[in-house]
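Descriptive analysis of the structure
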Amino acid sequence: MKSAIAAQTALLFLSSILLISCSKTSNLNPTNTSNVIPIGIAFAQTSNIALLGQEGTDGVKIAEKYFNHIGGINGKPIKLVFQDTGGDEAGAINAFQTLINQNKVVGIIGPTLSQQAFSADPIADRNRVPVIGASNTAEGIPEIGDYVARVSSSVAVVAPYSVKAALQQNPKIKRVAVFYAQNDAFNKSETEIFQKTVKNLGLDLVTVQKFQTTDTDFQAQASDAINLKPDLVIISGLAVDGGNLVKQLRELGYKGIIIGGNGFNTSHIFSVCRALCDGVIIAQAYSPVYPSEINAIFRKAYIEQYQREPPQVSAQAFAAMQVYVEALQSLDKKSQINKLTLPQLRTQLNQELLKGKYQTPLGEIAFTPAGDVIQKEFYVAQLKMESNGVKGKFSFLNIK
């Protein structure tokens, strides 16, 4: 009976998901607007990281639609309030201040980049507003403050999987060249993990090349690295700069394995390096085929809406929304949240969300006392491009 009800719920939800389109709020439109529970979304809608921010936005919109469809917070709908962080720290700070002081949200999901989080999250922490990072993987994010958590696993946990996958494909790898974007906090953190992993595995780190996320010409760095004859190249960058670096490495004749960091975890990279993306290895914290009811619902809804498999950031954004919803549901049963003042609600919500276990599209997750995500399942994918060199997919590898 339970499975039949779940199937009916999923069918009804999927039949209505196309109504999401560009809407940023629920369709429930309650007459008593005080019952609407606002959750702030601080993702990049403009700048060179807007594509990554859009993936987060896609995930929370599907979550809003789904959770309101099945009852919201014990009958009270959630409402997403969006603020554009842009691509820098100032944009994230402004977005957080607006969400906290003007929009009066109960909690925030965001910002897009770890670099932005180090500047904006302290503002939320000082105001005692809970924040859940959906795409912040640099070391030190949860330690920013008591009101800061994340559903995006630390790069220290995820990154080594891709190096092990590369060695599984080519056990003769010995010489490694590393590239990283020096102007981005996450990529600086990620490259440290990659470099440590390379050394711990007894491989030779032959060169470390730096670039900027705004760079488009990598000829000098790529040529210097290729002259050292590396067997493996590891890149910590974002989709546009990282994809262009892959393209130029291949055009200059590099034929070895390439590993891309977490910034490559987006289908938007296909349009950057196109056919030359083929074969790039990327560690993943999400698999579209993870066998769970909530992931099946999320995946079908995403494909219905966007005609492609959901990327990692969208799944993490959905999971962040799910944490808020389930924590609010639990808190409402204990305290009747509509009777709490906003400061009381924010504080008690922060305490409640850290206690729970959540069955999300990422698998089962929970939180450490500091707010870091505890996740069991990780994956490695390899980019596989179609013969036309335009479309591609993340093909998941079996890593021992």
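Residues numbered from 1 in each chain as written. Predicted model: local features only at pLDDT ≥ 70, side-chain atom pairs only at ≥ 80, totals over all residues. Heavy atoms only, no water.

Moving on to the overall build of the protein chain. Within the protein chain, the secondary structure is distributed over 12 helices and 15 strands. In terms of C-alpha radius of gyration, the protein chain reaches 21 Å, essentially the compact-globule figure of 21 Å for 400 residues. Taken along its principal axes, the extent of the C-alpha atoms in the protein chain is 65 × 45 × 35 Å. For the protein chain, with 400 residues in total, the buried portion stands at 57%. Taking the contacts inside the protein chain whose residues are at least 6 apart along the sequence as the reference set, 70% of them involve residues at least 24 apart. Of the accessible surface of the protein chain, which amounts to about 16,400 Å², a share of 50% is contributed by carbon and sulfur atoms. Side-chain charges in the protein chain split into 37 positive and 32 negative, and the spacing between the mean points of these groups amounts to 4 Å. (Helix = DSSP H or I, 4+ residues; strand = E, 2+ residues; numbered from the N terminus. Rg over C-alpha atoms; globule rule 2.2 N^0.38 Å. Buried < 20%, exposed > 50% of the residue type's maximum accessible area, 1.4 Å probe, protein only. Contact = heavy atoms within 4.5 Å. Areas by Shrake-Rupley, 256 points an atom, 1.4 Å probe, with all protein chains shown as cover. Lys, Arg positive; Asp, Glu negative; His and termini not counted. Charge placed at Lys NZ, Arg CZ, Asp CG, Glu CD.)

Bringing the nonpolar core into the picture now. Residues Ile39, Val60, Ile109 and Leu353 are the most contacted members of the largest nonpolar core, which totals 48 residues. Elements with a minimum of two residues in this core: strand 1 (37-43), helix 2 (50-69), strand 2 (78-84), helix 10 (293-306), helix 11 (312-335), helix 12 (342-353) and strand 12 (363-367). It is helix 11 that contributes the most residues to this core, 12 residues altogether. Apart from residues no more than four positions distant in its own chain, isoleucine 109 is found in contact with Ile39, Gly40, Ile41, Ala42, Phe43, Val60, Ile132, Ala134, Ala317, Ala320, Met321 and Tyr324. (Core = buried A, V, L, I, M, F, W, Y, C linked by side-chain atoms within 4.5 Å.)

What follows is about the environment of glutamine 348. With respect to the secondary-structure elements, glutamine 348 resides in helix 12. Take glutamine 348: its relative accessible area is 24%, and that puts it in the partly exposed class. Separated by 11 residues in the primary sequence, glutamine 348 and isoleucine 337 place their C-alpha atoms 9.4 Å from one another. Glutamine 348 has contacts with Leu331, Ser335 and Leu340, leaving out every residue within four places of it along the chain.

Another point: the environment of leucine 52. Residue position: leucine 52 is located in helix 2. Taking the C-alpha atoms as reference points, leucine 52 and glycine 263, separated by 211 residues in sequence, lie 8.7 Å from one another.

Moving on, we come to the packing of aromatic side chains. The description of two aromatic rings rests on the distance between their centres and on the angle between their planes. For the structure shown, the criterion picks out 12 aromatic pairs. Measuring from centroid to centroid gives 5.0 Å for tyrosine 66 and phenylalanine 67, while their planes differ by 65°, and the two rings are edge-to-face. For the residue pair tyrosine 66 and phenylalanine 67, the accessibility class agrees, reading buried in each case. An aromatic cluster of three or more residues is present, and its members are Tyr66, Phe67, Tyr286, Phe298, Tyr302, Tyr306 and Phe318. (Phe/Tyr/Trp six-rings, centres within 6.5 Å; stacked < 30°, edge-to-face > 60°.)

This brings us to the sheet that holds strand 1. Reading across from one edge, 2-1-3-4-5 is the order of the five strands in this open sheet, with parallel pairing throughout. Both outer strands of the open sheet, strand 2 and strand 5 (148-150), are each paired with one neighbouring strand and no more. When the angles between neighbouring strand axes are averaged without regard to direction, this sheet yields 25°. As paired elements, strand 1 and strand 3 (residues 107-109) share three bridges and run parallel to each other. Bridging across to strand 3, isoleucine 39 finds its partner in glycine 107. Across the face of the sheet, helix 3 (residues 89-101) comes into contact with strand 1, strand 2, strand 3 and strand 4 (131-133) while running at roughly 145° to strand 2. In this fold helix 11 packs onto strand 1, strand 2, strand 3 and strand 4, with an angle of close to 165° to the strand it touches most, strand 3. (Pairing = 2+ DSSP bridges. Axes fitted to C-alpha atoms, helices over the stretch in contact; angles between N-to-C directions.)

Taking every second residue as pointing to the same face, both faces of strand 10 (residues 281-284) are buried, with Ile281 and Ala283 on one and Ile282 and Gln284 on the other. Taken together, the two bridges between strand 9 (residues 257-260) and strand 10 define a ladder with parallel strand orientation. Looking at the pairing, glycine 260 lines up with isoleucine 282 of strand 10. Here four bridges tie strand 10 to strand 14 (residues 379-385), and the two strands are oriented antiparallel to one another. From the neighbouring strand, alanine 283 faces strand 14, where its bridge partner is valine 380.

What follows is about helix 11. With 24 residues, helix 11 ought to run about 34 Å at 1.5 Å a step, and its terminal C-alpha atoms sit 34 Å apart, in line with that. Judged by how many residues are buried, helix 11 sits mostly within the fold: 18 of 24 residues are covered. (Expected span 1.5 Å × (residues − 1).)

The next subject is the confidence of the model for the protein chain. Per-residue confidence for the protein chain gives a mean pLDDT of 91; residues scoring 70 or more make up 91%. Per-residue pLDDT stays below 50 along residues 1-9; that stretch engages in three contacts with residues further than four places along the chain or on separate chains. Confidence drops under a pLDDT of 50 for residues 11-33, and excluding neighbours within four residues, the segment shows 45 contacts in the predicted structure. (pLDDT = per-residue confidence, 0-100.)

It is worth spelling out helix 8 (residues 239-251) at this point. Over its 13 residues, helix 8 extends 18 Å from the first C-alpha to the last, a length consistent with the 18 Å expected when each residue adds 1.5 Å. With respect to burial, helix 8 is a largely interior element, 10 of its 13 residues being buried. Count one or two residues on from helix 8 and you reach glycine 253, which has phi positive near 105°.

Take the layout of surface pockets next. Empty space within the largest pocket amounts to approximately 590 Å³. Around the largest pocket sit 24 residues that line it, and Ser267, Phe270, Arg308, Gly392 and Lys393 are the ones nearest its centre. Counting residues per element, the ones that place at least two in the lining of the largest pocket are helix 9 (270-273) and strand 15 (392-396). The greatest single-element share of the lining of the largest pocket, amounting to five residues, is contributed by strand 15. Broken down by class, the residue content of the lining of the largest pocket amounts to nine nonpolar, nine polar and six charged. (1 Å grid on protein atoms, 1.4 Å probe; cavity = no way out; pocket = protein on both sides within 12 Å on 5 of 7 lines; lining within 4 Å. Points joined across faces, edges and corners; volume = space filled by probe spheres on them. Nonpolar A, V, L, I, M, F, W, Y, C, P; charged D, E, K, R; others polar.)

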